[in-house]
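# Architecture at a glance
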Amino acid sequence: MPTVLIIDDNAAVGIALDVLFSLHDIAALHAASPEEGLAVLQRESVDLVIQDMNFTADTTSGEEGVALFRQIRSLYPDLPVILLTAWTHLDAAVDLIKAGAADYLPKPWNDERLLATVTNLIELGQANRALAQRVGRERRERRELEQQYDLRGLVWADPATERVLQLACQVARADVPVLITGPNGTGKERIAEIIQANSQVKNGPFVVLNCGALPSELIEAELFGAEAGAYTGASRAREGKFEAADGGTLFLDEIGNLPPAGQMKLLRVLETGRFERLGSNRERQVKVRVISATNADLPAMIRAGSFREDLFYRLNVIELRLPPLAGRPGDILPLATSFLAPGKRLDPGAESALLGHAWPGNVRELKNVMARANLLAQGELIRTPDLGLPAAVTAAPAVLEAEPDREAIAAALARAGGVVSQAAAELGLSRQALYRRMERLGIGRT
């Protein structure tokens, strides 16, 4: 149950608010003086404070309330404080709202409006605390991950990426094949490097073969090697990637492009560690950790008969699904910042454009966009047009609503019963902005 601390020298105020809040499952504590209120805050868990502005008889300056508010603010900066007084001083209200007061309400108060304000502030505080706890937990987990494992300088911040990294590091030391799936350009090879760097063969070679970058008739020769004359143009014997990766890791990118004959030989290597070069009958033995990656739908390829089901299950002992960049938005700005040229920085509009783009090309597209922006930006600041993103095209300016005049502000305050936060919401203004207009136009609280 949330708890509100009422600091007011008038016992009747405390009783009235206690009754009001108890009807809505809100606990109330009462303190009759600033000293007592501060003592309660030290020993009790409080979600919100409602404080009077004057505590000495025949005093209306509000100085005591200001002093108490500033003490609470310095000791408990995240604790919302509502100021409650029968003596309204607009200048003081503006200053205290600027200093962080949640609201400034008159006595006598409107129960419904006060309750709405209190409920909203308590819910906001609970949400903020939950967010702070989650952010703190994620930061601790990230520090632990970075301290415990070699992440090869990977730039990341999104929880979705962290989950992939945690699983990758967890399975790195196990001598089992890993399949990394995800769209092109998401960083699958970087994840493979991290697995290698934290594996039992981290000091061995890390060999990469992109199965989609070679003609199908040459992939087997690249994987397993070939003797002289094994195919047209093979003038001398050559070792394949498996021999080069012996004692280390072989990363097979675009594994879905491997032809059927190559799939069968790869399956045998995974099962026995043995293979023959093209054009040779002599078996060779290797010890290689295989990590494969694909952007293809391998189960669909199995159904179509273009990929071996038994090979899929051998490769897919552990599957790491790397989301597209749009699915891990927390990575976008850290990655963009890492791609900035020395002395360059992003303005807020450019940051918003980066966050709003769909990134069909993923990290690779982001890197190219930032390379372009580094070249085109005049000066140190990169602006939205420098990015050249379709989403960054400037929209036609919206027609602004007219500035609320004196009559509109007075009417909104009257409808809100003098509750500035409610009137401000109706006018589409912040509390601070409404206070400034009230001060400028000479409008008092109703």
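Residues numbered from 1 in each chain as written. Predicted model: local features only at pLDDT ≥ 70, side-chain atom pairs only at ≥ 80, totals over all residues. Heavy atoms only, no water.

### With respect to the pairing of strand 7 (residues 206–210)
- Burial of the side chains of strand 7 is restricted to one face: Val207 and Leu209 are buried, whereas none of Phe206, Val208 and Asn210 on the reverse face is.
- Pairing of strand 7 with strand 8 (residues 249–253) involves five bridges; the strand directions are parallel. Paired with Val207 across the two strands is Leu250, which belongs to strand 8. (Buried < 20%, exposed > 50% of the residue type's maximum accessible area, 1.4 Å probe, protein only. Helix = DSSP H or I, 4+ residues; strand = E, 2+ residues; numbered from the N terminus. Pairing = 2+ DSSP bridges.)

### A few points about a positive patch on the surface
- The grouping of Arg137, Arg139, Arg140 and Arg143 at the surface amounts to a positive patch.
- Structurally, the position occupied by Arg137 is in helix 5 (residues 111–148). (Patch = residues over 30% accessible without salt bridge, like charges linked within 9 Å, V, L, I, M, F, W, Y side chains within 5 Å. Areas by Shrake-Rupley, 256 points an atom, 1.4 Å probe, with all protein chains shown as cover. Salt bridge = Lys/Arg side-chain N within 4 Å of Asp/Glu carboxyl O. Lys, Arg positive; Asp, Glu negative; His and termini not counted. Charge placed at Lys NZ, Arg CZ, Asp CG, Glu CD.)

### Some thoughts on the UniProt feature "modified residue: 4-aspartylphosphate" (unreviewed entry) in the chain
- In this numbering, the UniProt entry assigns the feature "modified residue: 4-aspartylphosphate" (unreviewed entry) to Asp52.
- Structurally, Asp52 is set in strand 3 (residues 48–52).
- Overall, Asp52 belongs to the buried group, its relative accessible area being 5%.
- When residues no more than four places from it in sequence are discounted, the contact partners of Asp52 are Ile7, Asp8, Asp9, Gly65, Leu84, Thr85 and Lys107. (UniProt positions renumbered as here; feature names shortened; annotations may be inferred. Contact = heavy atoms within 4.5 Å.)

### A closer look at the sheet that holds strand 11 (residues 289–294)
- Reading across from one edge, 7-8-11-6-12 is the order of the five strands in this open sheet, with parallel pairing throughout. This sheet does not close on itself; its edge strands, each paired only once, are strand 7 and strand 12 (318–321). Averaged over all pairs of adjacent strands, the angle between their axes in this sheet comes to 20°, without regard to strand direction.
- With four bridges joining them, strand 8 and strand 11 adopt parallel strand pairing. Looking across to strand 11, one finds that Leu250 is bridged to Val290.
- Across the face of the sheet, helix 6 (residues 159–171) comes into contact with strand 6 (178–181), strand 11 and strand 12 while running at roughly 155° to strand 12. (Axes fitted to C-alpha atoms, helices over the stretch in contact; angles between N-to-C directions.)

### A look at the sheet that holds strand 3
- Read from one edge of the open sheet, five strands run 2-1-3-4-5, paired in parallel fashion. Of all strands in the sheet, those bounded by a partner on one side alone are strand 2 (27–31) and strand 5 (103–106). The average angle at which neighbouring strand axes cross in this sheet is 20°, direction not considered.
- Against the sheet, helix 1 (residues 11–22) makes contact with strand 1 (3–7), strand 2, strand 3 and strand 4 (81–85), and its axis sits at roughly 165° relative to strand 1, the strand it touches most.

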